[in-house]
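A closer look at the structure
Chain by chain, the residues:
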Amino acid sequence: MSDASCCRSSGLAGGRHARVAICVALGLLAGACGGGSTRSPSQQTNHASAGGHASAPAVPSVRVSITPAGGRLDTSPDRGIAVRAVGGTISGVVVRTGGDPVRGTLNAARTVWRSRWALDVSQRYTVIATAVASSGARVTRRSSFRTFTPARTVDVRITEGYRQTYGVGMPIILYFDGPVTNRAAVERALQIRSSKPVLGAWYWDSPCNMAPACLYFRPRRYWPPHTRVSFTGHLNGVKVAPGVYAHHTLTQSFTIGSSLIVVASTANHEMNVYRSGKLFAHWPISSGRPGDDTPNGTYLTIEKSNPVDMVGPGYNIEVPWSVRFTWSGDYLHDAYWSVGDQGFTNVSHGCVNMSPADAEIYYNMAVPGDPVTITGSPRPGTWDNGWTMWFLTWKQWLHGSALHEAVRTGPRGSTFVSIHHPRHH
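Remember, predicted model here, so these are calculated numbers, not experimental data.

**Comments concerning the overall build of the protein**
- Secondary structure assignment for the protein yields five helices and 32 strands.
- Going through the 425 residues of the protein one by one, you find that 48% of them count as buried.
- Contacts in the protein between residues far apart in sequence, at least 24 positions, make up 63% of those at least 6 positions apart.
- Of the accessible surface of the protein, which amounts to about 20,500 Å², a share of 52% is contributed by carbon and sulfur atoms.

Encoded structure:
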């Protein structure tokens, strides 16, 4: 509902309906009676009985049109609702539905109102629009219609859990269970609110490790610690590919926690842990031995468990205090069996080995989305082997958006920002 939608909508049609009823009742006596007349019934009757001629009915000076038209099946829910006034201004628009609430905006002249998002599929809508002429006369129009049920739909999932806490590197991750070709329309349907201002962008990954298509939002730099984030995907009714529509609205709220960043050097056999921007710990490690080198890159922690059953060539062991950062099975974990090698040589099968005490401390602090940067390895990291969104530079990330625009978020929501403006580089 727009800001104008609550303006004086009651009783607007009553006068007209009353005049129509009087005309029907007096039709045999006063054939010239018209719905547009401004005279009272007694004035009309007296005028006719005196033998005079009734005045021509006044033509309303404001016309209101509503799209989609009433009584029709709307097969393009992504076009939304449009209300137009000619010869006056729109004073109110109310949309009634059992689906998602419909909100819209007026143009500066208050002659056109448009809904903000696509309409839900398989839903009934009633639109009541009121316009006012310069003379003060008001006209109300009503349109009722139903949106169609698409033959093919796509489901969308979000990785984040409700009110969960994530690290400063955590992207918003959306999984689509089918291909997406109308990517720009999908990006326009997404809204982010953040308690602190953030500049970021969307990036398409297709196919990705987990689904036919993935879409990620990542800030230009890490999230400010303790940022509250709310996401709404107004996807219901959006055509994602020819003949294929999303059919539900996706919402989620989560929190960014404290900053916890690991930088591990496989060449120097050491890792630094930064907490809240300050060096928290400097620990010895043992990483992947030659042939099993821990791959370089800036990863994000994915999950943790105590213990994890690790199985490989020649070993099957329960490993305590394990924090995962690649899908292929690389962890930062307790390796009590390699304490003597930690700080001196690399002996693991690819994981980052830590002492039991150090591993337990890190495990208890870690949440999904904490950055882990591996350096000094002869082996490069592989895109999509884990949450590898930070492998890309900001310039590379921007080019992954279908709109080729950045997104500025804040407490009031998000807006697209041109990437060509110097301030945004």
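**Details of the pattern of salt bridges**
- Scanning all chains against the criterion turns up two salt bridges.
- Residue Asp292 is joined to Arg289 by a salt bridge in which the shortest nitrogen-to-oxygen separation is 3.0 Å.
- Among the salt bridges present, the one from Glu303 reaches Arg324, with a minimum N-O distance of 3.3 Å. With a gap of 21 residues between them, Glu303 in strand β24 (residues 303–305) and Arg324 in strand β27 (residues 322–324) connect regions that are remote in the sequence.
- The exposure class assigned to Glu303 is partly exposed, which follows from its relative accessible area of 40%.

**Considerations on the side chain of Ser265**
- The residue Ser265 is located in strand β20 (residues 260–265) in this model.
- Here Asn268 takes part through its backbone nitrogen, which lies 3.0 Å from a polar atom of the side chain of Ser265.

**Comments concerning unusual backbone geometry**
- Cis geometry marks the peptide bond from Thr67 to Pro68, where omega comes out at 5 degrees.
- Within the fold, Pro68 resides in the loop between β1 (63–67) and β2 (73–74).
- Of the consecutive residues Ser206 and Pro207, the connecting peptide bond is found in the cis state with omega at -10 degrees.
- Positive phi is not limited to glycine here, since Ser276 has a value of about 55 degrees.
- Tracing the sequence through the fold places Ser276 in the loop between β21 (270–275) and β22 (278–284).
- On the accessibility criterion, Ser276 (53% relative accessible area) is exposed.
- One non-glycine residue with positive phi stands out, namely Asp384, at about 75 degrees.
- By the element assignment, Asp384 lies in the loop between β30 (371–375) and α5 (394–398).

**A closer look at the sheet that holds strand β9 (residues 152–154)**
- Strand order in the open sheet made by the three strands is β9-β18-β17, with mixed pairing throughout. In the strand order of this sheet, the two ends are held by β9 and β17 (239–241), each with one partner. On average, each strand axis in the sheet is inclined to that of its neighbour by 45 degrees, with strand direction left out of account.
- Sheet topology places β9 next to strand β18 (residues 244–246); three bridges connect them, and they run parallel. Of the residues in β18, the one forming a bridge with Val154 is Ala246.

**Considering the sheet that holds strand β5 (residues 104–106)**
- Overall, antiparallel pairing links the four strands, which are arranged β1-β3-β6-β5 in an open sheet. The sheet terminates laterally at β1 and β5, the two strands that pair on one side only. Within this sheet the neighbouring strands show an average axis-to-axis angle of 10 degrees, counted without direction.
- Relative to strand β6 (residues 112–115), strand β3 (residues 82–86) is paired through three bridges, and the arrangement is antiparallel. Opposite Arg84, over in β6, you have Val112 as the bridge partner.

**Let's talk about the state of the cysteines**
- Per the stated rule, a full pass over the model turns up one disulfide.
- One disulfide bridge connects Cys208 with Cys214, the sulfur atoms lying 1.8 Å from each other. Judged by the sign of its S-S torsion, about 55 degrees, the bond between Cys208 and Cys214 is right-handed.
- Cys208 gets classed as buried once you look at its relative accessible area, which sits at 11%.
- Cys214 sits in the buried class, given a relative accessible area of 0%.

**Things to note about the pairing of strand β31 (residues 405–410)**
- In this structure, strand β14 (residues 198–205) lies alongside β31, joined through three bridges in antiparallel fashion. Across the sheet, Gly200 pairs through a bridge with Val407, a residue of β31.
- Relative to strand β32 (residues 413–418), β31 is paired through six bridges, and the arrangement is antiparallel. Within β32, the position partnered with Ala406 by the bridge is Val417.
- Here β31 folds back onto β32 in antiparallel fashion, the turn holding two residues.

**Details of the packing of aromatic side chains**
- Within this structure, the stated rule accounts for 16 aromatic pairs.
- For the ring pair Phe176 and Trp204, a centre distance of 5.6 Å and an interplane angle of 40 degrees mean the geometry is tilted. Separated by 28 residues along the polypeptide, Phe176 in strand β12 (residues 172–176) and Trp204 in strand β14 bring together distant segments of the chain. Grouping residues by exposure puts Phe176 and Trp204 together as buried.
- Seen from their ring centres, Trp327 and Trp387 are 6.5 Å apart, and the 85 degrees between their planes marks the pair as edge-to-face. Here Trp327, found in the loop between β27 and β28 (331–334), pairs with Trp387, found in the loop between β30 and α5; they are 60 residues apart in sequence, far enough to count as distant.

Cut-off values and rules
Residues numbered from 1 in each chain as written. Predicted model: local features only at pLDDT ≥ 70, side-chain atom pairs only at ≥ 80, totals over all residues. Heavy atoms only, no water. Helix = DSSP H or I, 4+ residues; strand = E, 2+ residues; numbered from the N terminus. Buried < 20%, exposed > 50% of the residue type's maximum accessible area, 1.4 Å probe, protein only. Contact = heavy atoms within 4.5 Å. Areas by Shrake-Rupley, 256 points an atom, 1.4 Å probe, with all protein chains shown as cover. Salt bridge = Lys/Arg side-chain N within 4 Å of Asp/Glu carboxyl O. Polar contact = N/O pair within 3.5 Å; in protein donor to acceptor, adjacent residues only side chain to side chain. Pairing = 2+ DSSP bridges. Axes fitted to C-alpha atoms, helices over the stretch in contact; angles between N-to-C directions. Disulfide = S-S within 2.5 Å. Phe/Tyr/Trp six-rings, centres within 6.5 Å; stacked < 30°, edge-to-face > 60°.

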